[in-house]
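Given next are the chains, with one letter for each unit.
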Amino acid sequence: VHRTKVKVVEGVLDANDTLAAANRSDFERHGVRVVNLMSAPGAGKTTLLERTFELGLDGLRAGVLEGDVQGSMDADRLAAYHVPVTQLNTDPGFGGECHLDANMVRSALPSVPLEELDLLMVENVGNLVCPAEFRIGEHARAMICSVTEGEDKPLKYPLMFRACELVVVNKVDLLPHLDFDVDRLLANVEVVHPGVPCLRVSARTGEGVEAFRDWLVEAARGGRPAAAGVTAPA
Ligand SMILES: Nc1nc2c(ncn2[C@@H]2O[C@H](COP(=O)(O)OP(=O)(O)OP(=O)(O)O)[C@@H](O)[C@H]2O)c(=O)[nH]1
Ligand SMILES: [Mg+2]
């Protein structure tokens, strides 16, 4: 019974990879690079996107695919920046999934104006486990952890910290009020994902947002490798 269960899980992930590859080829046909943003709920994905759109993306035409269990609050916030935003709710039809998968993204693609975009930012559902397991056809993944979450998180949720090409340490403006040790966090990141670039950012004050924007622009121009440690779509 146990072996059968394992096979089922592998089968689900294989099917996901096949759909992720189909998404990837649609993105590439339109010349769109896709970045998947992942974090625990409330780490600052939407706020960081807001600050990034305020800075501008070096002339790149950006859009957002906004993943939430329900509601459109984040999509409404981002639409204020005059970028095309498509809401993808995992509640209807998907049973309130805690992550986006390739099939959900595929079902949303007809509503995403790919021909108008160079860069599609996907804000995943806030969750530190499941989003890391499902590729969606993206070219790069950034994960955001905030300084209120604890230095131990890379050791407790290693896949999330491994399945990304960038770690953003957000809310550094709060450090004077906390006993959070950024160096200890970064050492733990290094244990699970040696060499991954990390940025110190405050989406509140704008500190470090330019470096994040520069990373995005480079990712959009094809300068980033595929994620290590996870099955990349063929
Ligand atoms: N002090 C501080 N607060 C921040 C920062 N970034 C985000 N916040 C606050 O943190 C809360 C959550 O931010 P969001 O940007 O909504 O987080 P999110 O990751 O998009 O959340 P979900 O989409 O619900 O997973 C909000 O109250 C933000 O104002 C930061 O750099 N510093
Ligand atoms: Mg959000």
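Please read all numbers here as calculations on a predicted model, not as lab measurements.

Chemist: Sorry, what's going on with the packing of aromatic side chains here?
Modeler: Where two aromatic rings form a pair, the distance of their centres and the angle of their planes describe that pair. Applying the stated criterion across every chain yields a total of 1 aromatic pair. Arranged with centres 6.4 Å apart and planes meeting at 40°, the rings of Phe53 and Tyr81 form a pair that is tilted. Of the two residues, Phe53 is situated in helix α2 (residues 45–55) and Tyr81 in the loop between α3 (73–79) and β3 (85–89); the sequence distance between them amounts to 28 residues. Take Tyr81: its relative accessible area is 25%, and that puts it in the partly exposed class.

Chemist: Help me out: how do you make sense of the layout of surface pockets in this one?
Modeler: Vacant regions in the atomic arrangement are exposed by a probe of water-molecule size rolled over the atoms. Space inside the largest pocket adds up to approximately 330 Å³. Within the residue set of the lining of the largest pocket, elements represented by two or more residues are α2, β2 (62–68) and α3. For the lining of the largest pocket, the element with the highest residue contribution is α2, accounting for 3 residues.

Chemist: Explain unusual backbone geometry here, please?
Modeler: Only a minority of non-glycine residues have a phi that is not negative, and only a minority of peptide bonds are not trans. The phi dihedral of Asp58 is positive, around 55°, even though this residue is not glycine. For Asp58, the location among the structural elements is in the loop between α2 and β2. Given the relative accessible area of 51%, Asp58 is considered exposed.

Cut-offs applied
- Residues numbered from 1 in each chain as written.
- Chains lettered and ligands numbered in written order.
- Predicted model: local features only at pLDDT ≥ 70, side-chain atom pairs only at ≥ 80, totals over all residues.
- Heavy atoms only, no water.
- Phe/Tyr/Trp six-rings, centres within 6.5 Å; stacked < 30°, edge-to-face > 60°.
- Helix = DSSP H or I, 4+ residues; strand = E, 2+ residues; numbered from the N terminus.
- Buried < 20%, exposed > 50% of the residue type's maximum accessible area, 1.4 Å probe, protein only.
- 1 Å grid on protein atoms, 1.4 Å probe; cavity = no way out; pocket = protein on both sides within 12 Å on 5 of 7 lines; lining within 4 Å.
- Points joined across faces, edges and corners; volume = space filled by probe spheres on them.

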